[in-house]
Amino acid sequence: MGLFSGMEKFGIKNVDAKKMYEKQEKPVEKQQEVVKKTVPEEPEENFLFAKKYDCPVCNTSITSLTVKSSKVRMIGSDMDLRPKYQQMDATKYDIVMCPKCGYANTAKNFPMVMPAHKKMIIDNISKTFNYKDPQSTFYSYDEAIMRYKLALTNAMVKNSKDSEKAYICLKLAWVIRGKAESLDPSSASYKDDLEECKVDEQGALQLAKDGFINARASEDFPIAGMDEPTVDYLISALCVELDDPKTAAKLLSNIIVSKTASSRVKDRARDLMAKVKKMLEEAGEE
Ligand SMILES: [Zn+2]
């Protein structure tokens, strides 16, 4: 079960997140944080359009809801670089999926499927894939999370690079965080739902961290579009979120003295280092 639970109803079975990089550290649970509910002022539909794609696996013509980037304004980002927009949570719309064959990928990589990978997807996903397209006018958090899990399953099936899997895990964690922020505190199941989100988010963050650490050791930069200092910063942020300030401190000190890091990454690293020092102090390790 775990992160991939709920995928059985779409014909996706036996996905074991532990096998993603063939090694796995135990997720650490974090203390619950109070999260604010964000109420969108305008319907989410107003910021979306149905973009057309041809599925490269089954040749079906499909559409995927896509954010009108000119209509949304970025207002900041979380510690782990999750972008925040004033109007809506745009990360929900970064996965394109074919409702017919179950192929799913990030919008950028969706058109690119190698013939060998196509066969792996058909054999391991399409044959059992069973999905009724709800024809949504916007994606609920649960729909968005399902799309990410399907993209991750595809990446595992076709043995994608660790950086690709890690990037999807990171964004899955962001969408789960968005779901947690959108929960209604007055609902009877609020506490349980929030706890479930926290556990799932930590699971996804852990997988992202493991994958980026693997990628850093075995792939050439840029990794998932990021240069070395940015990847190191991101891994540090994931370490902080997963209660591992020691590893974060090592990486951050390298960024701060780096000759190649941009001042923007250095500033972020300094801010994060202040937090890490506090965590180490509290743990009595400095
Ligand atoms: Zn397809």
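Just so it is clear, the model here is predicted, and its values are computed rather than measured. (Residues numbered from 1 in each chain as written. Predicted model: local features only at pLDDT ≥ 70, side-chain atom pairs only at ≥ 80, totals over all residues. Heavy atoms only, no water.)

Asks: Just checking my understanding: could you explain the environment of Cys-197 for this structure?
Replies: Structurally, Cys-197 can be placed in helix α4 (residues 190-218). Assessed through its relative accessible area of 5%, Cys-197 is described here as buried. With 20 residues separating them along the chain, Cys-197 and Arg-177 place their C-alpha atoms 7.0 Å apart. If near-sequence neighbours (up to four positions away) are discounted, Cys-197 is found in contact with Ile-176, Lys-179, Ala-180 and Leu-183. (Helix = DSSP H or I, 4+ residues; strand = E, 2+ residues; numbered from the N terminus. Buried < 20%, exposed > 50% of the residue type's maximum accessible area, 1.4 Å probe, protein only. Contact = heavy atoms within 4.5 Å.)

Asks: I'm lost on the packing of helix α3 (residues 162-182) against α4 in this one. Help?
Replies: Geometrically, a packed helix pair is captured by the angle between its two axes and the distance between the axes. Look at α3 against α4: their axes get within 8 Å of each other, and the N-to-C directions meet at 160°. The angle between α3 and α4 falls in the class roughly antiparallel. Where α3 crosses over α4, the two elements pack in a sense that is left-handed. Two secondary-structure elements touch here, α3 through Asp-162, Ser-163, Ala-166, Tyr-167, Cys-169, Leu-170, Leu-172, Ala-173, Ile-176, Arg-177, Lys-179 and Ala-180 and α4 through Leu-194, Cys-197, Asp-200, Glu-201, Ala-204, Leu-205, Leu-207, Ala-208, Gly-211, Phe-212, Asn-214 and Ala-215. Across the contact of α3 with α4, the residue classes break down as 16 nonpolar, 3 polar and 5 charged. (Axes fitted to C-alpha atoms, helices over the stretch in contact; angles between N-to-C directions. Parallel < 35°, antiparallel > 145°, perpendicular 65-115°, else oblique. Left-handed = near helix turned anticlockwise from the far one by under 90°. Nonpolar A, V, L, I, M, F, W, Y, C, P; charged D, E, K, R; others polar.)

Asks: When you look at the pattern of salt bridges in this model, what are you seeing that I'm missing?
Replies: Once their charged atoms are close, side chains differing in charge can pair, the charge on each being opposite to the other. What the rule picks out here adds up to 19 salt bridges. The residue Arg-270 makes a salt bridge to Asp-267 at a minimum N-O spacing of 3.1 Å. With a gap of 3 residues between them, Arg-270 and Asp-267 both fall in helix α7 (residues 263-282), about one helical turn apart. Accessibility expressed as a relative area gives 41% for Arg-270, which makes it partly exposed. Since its relative accessible area comes to 42%, Asp-267 is described here as partly exposed. Through salt bridges with shared partners, a single ionic network connects Asp-78, Asp-80, Arg-82, Lys-84, Asp-89, Arg-177, Glu-181, Glu-201 and Glu-241. (Salt bridge = Lys/Arg side-chain N within 4 Å of Asp/Glu carboxyl O.)

Asks: It is not clear to me how the pairing of strand β3 (residues 74-77) should be interpreted in this structure. Could you clarify?
Replies: Two faces make up the sheet, and in a regular strand the side chains alternate between them. Pairing geometry for β3 and strand β4 (residues 83-85), over 3 bridges, is antiparallel. Bridging from a neighbouring strand, Gly-76 pairs with Lys-84 of β4. Once β3 ends, the chain turns through 5 residues before running back antiparallel as β4, passing Leu-81 with a positive phi of about 75°. (Pairing = 2+ DSSP bridges.)

Asks: What's the story with the nonpolar core in this structure? I'm lost.
Replies: Where a protein is soluble and globular, its nonpolar side chains tend to be buried together. If you look at the biggest cluster of nonpolar residues, it comprises 79 residues, and the most contacted ones within it are Phe-4, Phe-212, Leu-252 and Val-276. Of all the elements in the fold, those that place two or more residues in this core are β5 (95-97), α1 (115-126), α2 (141-157), α3, α4, α5 (228-241), α6 (245-257) and α7. Setting aside residues up to four positions removed in sequence, Phe-212 forms contacts with Ser-163, Ala-166, Tyr-167, Leu-170, Ile-223, Ala-224, Met-226, Leu-234, Ile-235 and Leu-238. In terms of nonpolar packing, the next biggest core, distinct from the first, is built from 9 residues, Leu-65, Val-72, Ala-90 and Tyr-139 among them. (Core = buried A, V, L, I, M, F, W, Y, C linked by side-chain atoms within 4.5 Å.)

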